[in-house]
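What follows is the residue order along each chain.
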Amino acid sequence: MTRFETTGYGAAALDTLAAVVSELKAADPLRSVTIIAPNNISAIVARRHLAHVKSIAAVEVTTLPRHAELHVAHLMAGRRPATGPITVAAWRAALAKNPGAFAETAEHPQTLAALARAHRELRDLSTDELDTVVSATPLSADVVRLHREVADSLAPDWYDETDLLAAAAAALTTSAPTVLYLPQRLTRAEQAVLTRIAEITELVVITALTGDAAADRVVTSGLEPLGFTTVEVATPPPASRIITASDSDDEVRRVVREVVRTLTTVPAHRVAVLYSSKQPYSRLLHEQLSATGIAINGPGSRNSEERSVTRAFLDLLALSEKGLPRAAFFQAVSSAPLRDFTGARLPVARWERISRDAWVVSGDDWDVRLALHGKRRELDLEAAAALSTFATTLLTRFDDAATATTWADLSAWTLQLFEALVGDVEQLTFLPPEEKYAATALVSAVHGLRSLDTAGTPASLGVLREVLAQQMTSAVPRVGKFGEGVLVAPLSAAVGLTADVTFIVGLSEDLCPGRQHDDPLLPDRVRVRVNSLPVLRDRVDEVRRHLLAAFASAPEVVATFPRGDLRRTTGRLPSRWLLPTLRLLANRPDLTASEWESAPPVGTVQHARSYAEQLLHTDVLATAQEWRTRAAAAGVLSDAVTDLGTRVIEERASEAFTRFDGNLAGASGLPDYAAGLESISASGLEKFAGCPHTFFVERLLGVRPIENPEELVRIKPSDLGTFLHQCMEELVLAATDDATIPTAGAPWTESHRARLVQIATAKATAYEAQGLTGHPRLWGEDRQRLMATLHAMLDADDAWRSANGTGIWKAELGFGEGNLAPDVEVPIPGGTVRMNGSADRVDVADGRIFVIDIKSGKPNEYKKISRDDPTVGGTKLQLPVYAYAAQAAHLEHTGTTLPVTAAYWFVHRSSDRVELEITEDVKTGYATALRAITSAIKGGLFPSRPPANDDYIWVQCAHCNPDGLGYRTRAKWIAIANLPELADVTYPLGTPGGTDD
């Protein structure tokens with residue numbers, strides 16, 4: 001027997017439920033009554049309301065699938081629930097056998113997910129209806145064919161919700177009267193169960209209607225097989241107030257302030273905030289409300305896949321077939337507190353630095369290049385070995401997983417790896433609650449993978465990660481307990497909900513109802529051929545029904561919508577379903593959606609202006625940050641950090657040279673190179689001349705730009721030059737050792753050339769092993785060019801030495817900083833500068849020393865060297881100090897002092913030589929440049945001096961342009977370059993008083 005009670009949503013529905021239960025228990029207060037609710041939230045609300053009115057004794061509140069499971073699960077003996085992974089595995093097997101129209105996308109996760117969704121819908125159709133779908137389109141025919149294959153393959157060992165409901169419809173026995181509370185869309189299987197209940201006991205259906213025929217259509221049509229006839233009900237009242245804000249972020253901030261105000265008079269558990277769209281509202285609401293310290297409950301805003309532990313583990317699994325690429329590896333291990341295989345925490349930061357220095361990219365690099373790096377740098381030896389052991393062990397374990405033939409073995413392997421990297425069950429208890437939930441869900445999912453051995457899907461690490469990722473995406477933890485704090489939930493939670501104040505956010509047309517997309521597998525033109533499949537219109541009507549239920553959920557309802565979308569820089573219109581409320585509250589019956597802004601704001605329609613205006617004028621502030629912002633705007637904020645930040649901005653924008661622009665005058669600890677107590681190289685001082693800020697950051701702070709091995713396409717120019725230097729140096733040393741070095745003016749022999757090829761080949765192999773050569777294909781070209789360059793260097797050297805009658809005296813004349821020869825002491829006005837370095841080669845002819853420094857770049861800037869400006873404004877400081885060193889070494893060796901000519905020898909990209917005879921004038925100019933540079937360093941003058949031209953292909957100064965977006969300090973340099981205190985910086989950097997820009 002079936003009886004219908006029609007009511008509205010909200011408190012009216014609960015009152016009707018209490019009355020029906022009281023009536024059913026009139027003769028016996030302990031009589032059993034079963035209440036079937038549409039969802040868990042409505043079930044909890046109903047149970048608590050019945051407890052409040054003292055009608056809860058012997059009352060069971062449940063959902064229909066749970067009710068069926070409780071009573072007929074024993075009939076499914078021998079079969080197990082078909083979980084999501086089992087269903088997807090069955091689809092994967094069916095597609096592997098005969099993919100049909102899905103041949104090109106059969107392995108794509110989204111294809112499997114879409115087919116699994118279609119499978120759930122098709123399970124509710126009869127055989128005849130399935131045949132109708134088959135005849136609709138070729139694609140739908142393939143979908144149904146595969147669906148039938150999957151259903152047949154699962155039937156012997158597995159059951160789903162449809163099977164459970166079918167068993168209940170056939171065999172359910174119960175004597176307790178049943179109340180169907182607020183039914184929504186009913187499937188055919190659910191209708192069959194309800195028909196069975198009506199046949200064996202009393203069934204009371206409490207139907208909530210909104211008064212909107214379209215919104216109620218799905219509900220009423222689903223009840224018609226039970227005998228329901230539509231009745232007229234009043235439309236629920238509209239929202240009490242409407243608030244608009246500039247965008248979604250500002251909308252949420254405004255609602256949070258309203259919640260703070262509401263909580264002064266209303267308990268938190270009687271306040272609800274419902275959102276029309278999960279993106280972006282779920283996370284925004286959780287973050288903003290948590291920032292205020294307000295307790296909340298409801299679905300979490302982040303699924304388990306987004307949690308650090310599961311994300312790190314899944315990301316590592318994704319690298320199994322890629323040779324463990326370095327960048328992706330460190331991105332994974334840095335996102336969670338992982339352990340190595342000895343149980344120690346991973347020193348991620350140090351390991352990452354070592355891997356970059358070792359030029360690790362992937363694969364064998366973890367073994368070979370880390371071993372080479374450990375030999376080169378003893379301080380990193382132990383850490384490099386530990387990193388190599390961890391990475392190679394991980395690769396070995398991945399290889400072991402590839403040999404697993406069953407899901408049971410692969411599941412055990414995954415659990416062992418997870419426990420090794422993350423921890424066992426006991427150690428997981430120390431994780432934060434959300435991380436613990438995600439880790440536990442992952443472990444549970446891995447355990448469940450064993451059942452895939454019966455589903456016909458071969459075990460593989462790729463499928464395992466795919467299945468785990470899908471399950472973690474659907475695993476969303478609940479935040480808090482219902483009834484404790486403010487409820488934050490989607491609009492669908494309004495069914496069965498009651499509160500004192502309800503806020504509804506996101507009521508713009510593009511979000512509510514939003515754009516509904518046709519199902520690509522079962523489009524509406526297929527669905528309309530049968531009555532059991534929902535169509536697009538049903539989804540739109542469902543959103544409408546949920547909104548009307550939300551309007552009825554509380555005596556005070558505040559609806560909000562954003563006026564724009566700053567993420568997409570577009571405007572927004574109010575939802576079509578909010579217009580009636582807008583018209584009523586604004587007293588404009590003819591108001592259209594496009595003209596809503598013309599309605600004058602009244603007390604119940606409020607336009608929140610900008611974020612700044614709200615902060616300055618609202619009487620309620622929600623977070624500490626908002627209080628601080630208002631105090632700062634009023635000039636009363638007392639905060640040292642904020643004050644300093646304001647000062648940084650102001651002083652950098654000024655035309656004064658301040659501490660925030662590199663003015664460290666008076667600071668202690670600055671080096672005084674003119675005092676002769678510290679040694680420095682010519683290239684180090686050149687760096688100051690190029691950009692004082694770069695010198696300060698790299699030389700004094702020890703901070704250098706990060707070089708990622710993955711980004712190396714070709715051998716770096718610096719390494720290319722080093723390669724040429726080293727090859728020539730080894731050739732000269734080898735020829736010296738075996739006494740075959742060419743005499744003055746004599747050419748290199750064929751034996752020398754063959755020896756050079758051997759040296760270069762070995763050197764190239766070593767560079768390749770160290771990862772310095774870039775992409776193999778491009779390195780092949782570069783290697784050939786380098787070999788050609790080396791032969792050309794011997795030809796050019798033969799011609800030059802023949803013309804000048806010189807003989808090779810020394811290769812790589814090193815001085816200072818670990819070399820046998822001491823530092824070169826260069827006298828300057830007011831002191832002495834101790835300098836170290838290494839000249840590439842020293843030749844000697846009758847009565848003159850020739851010092852040669854080999855360069856592989858362009859000679860453009862070097863051609864500016866002259867007797868009048870021997871250092872090109874302090875940027876070319878190597879030749880004179882190399883000349884000092886060569887002269888001193890020759891004097892010590894022979895007892896005679898010879899004049900010196902120093903030269904830059906350009907190779908590879910050019911064949912020029914730039915020579916400088918070291919005269920007294922040159923020495924004076926050199927000393928003047930050194931004095932200016934060392935004086936500026938001692939004085940703490942480190943302004944940023946960006947290049948004259950913007951970057952095009954590469955970043956010229958990584959410290960002045962750290963983000964690669966431009967030189968924002970150029971205007972500052974132009975403004976301060978002529979200041980008197982920067983005289984030592986401006987000169988020798990350029991013309992005295994000029995900027996060189």
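Throughout what follows, the structure given in this document is the object of discussion. (Residues numbered from 1 in each chain as written. Predicted model: local features only at pLDDT ≥ 70, side-chain atom pairs only at ≥ 80, totals over all residues. Heavy atoms only, no water.)

As a further point, take the sheet that holds strand S6 (residues 178-181). Strand order in the open sheet formed by five strands is S1-S7-S6-S2-S3, with parallel pairing between adjacent strands. At either end of the open sheet lies a strand with only one pairing partner, and these are strand S1 (2-7) and strand S3 (59-62). With direction set aside, neighbouring strand axes in the sheet form an average angle of 20°. Where S6 lies against strand S7 (residues 203-208), four bridges are found, and the strand directions are parallel. (Pairing = 2+ DSSP bridges. Helix = DSSP H or I, 4+ residues; strand = E, 2+ residues; numbered from the N terminus. Axes fitted to C-alpha atoms, helices over the stretch in contact; angles between N-to-C directions.)

Turning to helix H15 (residues 348-357), a few remarks are in order. Considered for burial, the residues of H15 that qualify are Val348, Trp351, Ile354, Ser355 and Arg356. On its buried side, H15 packs onto helix H14 (326-333), helix H16 (365-376) and helix H17 (381-402). Trp359, located one to two residues past H15, shows a positive phi value of around 60°. (Buried < 20%, exposed > 50% of the residue type's maximum accessible area, 1.4 Å probe, protein only. Contact = heavy atoms within 4.5 Å.)

Before going further, it helps to spend a moment on H17. Relative to the 32 Å expected for 22 residues at 1.5 Å per residue, H17 spans 32 Å between its end C-alpha atoms, a close match to the ideal helical length. Buried residues of H17: Ala383, Ala384, Leu387, Ser388, Phe390, Ala391, Leu394, Leu395, Phe398 and Ala401, and no others. The buried residues of H17 occupy one face: seen down the axis, they fall within an arc of 165°. Seen from the buried face of H17, the exposed residues on the opposite side, beyond 90 degrees, are Glu382 and Asp399. Taken together, the buried residues of H17 touch helix H13 (308-318), H14, H15, H16, helix H18 (407-421) and helix H21 (461-474). (Expected span 1.5 Å × (residues − 1). Arc of directions from axis to C-beta.)

Among the structural elements, Val501 can be located in strand S13 (residues 501-505). In sequence terms Val501 and Pro267 are 234 residues apart; their C-alpha atoms lie 9.8 Å from each other. Once residues within four sequence positions are removed from consideration, Val501 is found in contact with Thr262, Val266, Arg270, Val271, Ala272, Ala554 and Glu556.

As a further point, take the state of the cysteines. Taken as a whole and judged by the stated rule, the model has zero disulfides. Cys960 takes part in no disulfide bond, and the closest cysteine sulfur to it belongs to Cys957, at a distance of 3.3 Å. Using a relative accessible area of 5% as the deciding quantity, one classes Cys960 as buried. (Disulfide = S-S within 2.5 Å.)

With that out of the way, let us pick up unusual backbone geometry. Going from Gln279 to Pro280, the amide bond is cis rather than trans, its omega being 5°. For Pro280, the position within the fold is in helix H12 (residues 278-292). Geometrically, the link from Cys512 to Pro513 is a cis peptide bond, its omega value of 10° lying close to zero. By the secondary structure assignment, Pro513 is in helix H22 (residues 510-514). Positive phi values are uncommon outside glycine, yet Leu182 reaches one of about 50°. In this fold, Leu182 is placed in the loop between S6 and helix H9 (188-200). For Leu182, a relative accessible area of 1% puts it in the buried group.

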